[in-house]
Amino acid sequence: MSSVKVGLLGLGTVGAGTVNLLERNNDEIARRAGRGIEIIAASTRHPERPRGCSTEGFRVTRDPFEIVDDPETEIIIELIGGYEPARELVLRAIDNGKHVVTANKALIAKHGNEIFEHARSKGVAVAFEAAVAGGIPIIKSIREGLTGNRIEWLAGIINGTANYILSEMFYAGREFGEVLAEAQRLGYAEADPTFDVEGVDAAHKLTILASIAFGIPLQYGNVHVEGIGHVTREDVAYAEQLGYRIKHLGIARQSEDGIELRVHPTLLPERQLLANVDGVMNAVMVMGDAVGPTLYYGAGAGAAPTASAVVADLVDVVRALNVDPEHRVPHLAFQSTALSDAPAMPMASVETAYYLRLEVADQPGVLADITRILGNSGISIEAILQKEPAPGADHVPVILLTHRVFERQMDEAQAQMEALDAVQGRVTRIRSEQLQ
Ligand code: HSE
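Residues numbered from 1 in each chain as written. Predicted model: local features only at pLDDT ≥ 70, side-chain atom pairs only at ≥ 80, totals over all residues. Heavy atoms only, no water.

**Description of the sheet that holds strand 4 (residues 75-78)**
Within the open sheet, the 6 strands sit side by side as 3-2-1-4-5-6. Their pairing is parallel. The sheet is open, and its two edges are formed by strand 3 (59-61) and strand 6 (126-127), each paired on a single side. In the packing of helix 1 (residues 13-24) onto the sheet, the strands contacted are strand 1 (4-9), strand 2 (37-43) and strand 4, and the crossing angle to strand 2 comes to about 155°. (Pairing = 2+ DSSP bridges. Helix = DSSP H or I, 4+ residues; strand = E, 2+ residues; numbered from the N terminus. Contact = heavy atoms within 4.5 Å. Axes fitted to C-alpha atoms, helices over the stretch in contact; angles between N-to-C directions.)

Next up, the structure:
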C-alpha cells in the first residue's frame, strides 16, 4: 500500500523534531500504522535558516496555504502555534477534506469548538495530543484509558517553564527574573514568556483537559488564571518550613454545583507526589471514581518529546483513515451531541485552604487583630509563623495557614486585614490543596 502523504506547517523546534523522529523510527512507525508515513512538503517563514533536521526528502515553501491546498496531502501537521493564521489554515485544511494533527494548545483552547464542529461536518479528524503536556499521552489516557470512569478532578503541573522557575527558587534560592531568562535560553518558554509566567499557557492546557475529562465544551474564558509572578523565594522558603512546596497547578473539578476551572500557585504537602515533580517536567494527576488516583509524568516540552505525541497522533489518524467518521474516538471524548452544560463555578464558591503572608508592624495587639478578623469570618487557623524583623526593618512577616474556606470568606477577611494600619501593603495569599 502506498504511504500516506503529509504536509507540515512549521519547521521550528517541534517541526524539526517530528521530521527527525519519522525518519529515525520510520520502519517501526509503518509497522504500527499499517502504512508508511511520508512528509512531502513543509512550510517555514525562513527557508534559508539552518535548522535541526534534513529537508532533503520534501519540498520547502514559505507559503503554508500552498501545502494546505495541495491535493496530494492527506494529513496536515500544524506546528505554527498561536491563533492566526493557524486557525485559518486548519479550517482550510478541513474544508479541503484533510485530517489535521496539531500541537497548538492556544488554538484548540480558544477555537476548538468551532474547529471540531467543522471537522465533524467534513468527516475528518483533528488530533491534538501534543497540545497538552508535550510527550505525556494524557489526552489518550483520559479520553480512552479512563473511559469507564466518572472523572472527579484532575490537577497538573502543565507548564514546564513555571515549574522550572519555582524549582530553582526552591532548590537554589534563586530570584524569579534570573531563572526565567535561563528558561528562555534553554528554549522551554513560549515565544511570549508572559504566557508561561502569567498562567495563560497552563490555562489553555487545562481548558482542553477539563473538556475531555468532563465532556463539556471548551471554555477558556471561564478559567480563573493566576501566574507565579507574586510568589517570592521567601514564600517558597516559608512554605517549606511548614512542610509544603509551592507548585503552579491547573485544577479542574466537577461537583453538583458545577465545574471548577483554575490555574494558580498552590501549596502542596511535601510528600504529595506532584510536589516532587521538579524542573521542566510535567505531571497530571487524574482521579477517576473507579480507578482512584492516577498520575502521568514526563517531559512537557522539547523537540523529541513533543514530536513523540505528534507522531502518535499521526499513527492514530492513519489507522482511522478507513473508519466511518461516526465511529472514531470523539474529539472531546464524549459524543458531540452529549456534551454537558454544567456551569463553570465562580471562584467565590470555590473552597480551598490558604497560605497568607502579611507584613505587619512589630507592636502589641496586631496578631490579635488579625486572628479576630479571621475568626469573625469563620476562618480557622491551622498554623502560624512569625519571623524576626530583618535588621533595621520595622515590619515583620507573619505567615498563616488556614483550614478550608470559601473564597468569598477569604476575600472579605483579606480586605479587612489590609485595612488595618499595622498591615503594610497587600496580603500575599496562595491556595493550598491536599489532592486527596
Ligand atoms: N512553554 C511551554 C512550557 C511549552 O513551558 O511548558 C510546552 O507547551
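Once you've had a look at it, read on.
**Structural notes on empty space enclosed by the protein**
Tallied over the entire structure, the rule returns 1 cavity of 30 Å³ or more. Of the voids in this model, the largest cavity is the one considered here, and its volume is about 40 Å³. As for the largest cavity, its lining consists of Leu166, Ser167, Phe170, Val236, Arg245, Ile246, Lys247 and Asp278. Only helix 7 (160-172) and strand 9 (244-255) provide two or more residues apiece to the lining of the largest cavity. Here the lining of the largest cavity is composed, by residue class, of 4 nonpolar, 1 polar and 3 charged. (1 Å grid on protein atoms, 1.4 Å probe; cavity = no way out; pocket = protein on both sides within 12 Å on 5 of 7 lines; lining within 4 Å. Points joined across faces, edges and corners; volume = space filled by probe spheres on them. Nonpolar A, V, L, I, M, F, W, Y, C, P; charged D, E, K, R; others polar.)

**Observations concerning helix 7**
Taking 1.5 Å of rise per residue, the 13 residues of helix 7 would be expected to cover 18 Å, and the 17 Å separating its terminal C-alpha atoms lies within 8% of that figure. Counted residue by residue, helix 7 has 11 buried out of 13 residues, so it is predominantly covered. Among the residues of helix 7, those classed as buried are Gly160, Thr161, Ala162, Asn163, Tyr164, Ile165, Leu166, Ser167, Glu168, Met169 and Phe170. One side-chain oxygen at the N-terminal end of helix 7 lies 3.2 Å from the backbone nitrogen of Thr161; it belongs to Asn159. Immediately beyond the C-terminal end of helix 7, within one or two residues, lies Gly173, with a positive phi of roughly 60°. (Expected span 1.5 Å × (residues − 1). Buried < 20%, exposed > 50% of the residue type's maximum accessible area, 1.4 Å probe, protein only. Polar contact = N/O pair within 3.5 Å; in protein donor to acceptor, adjacent residues only side chain to side chain.)

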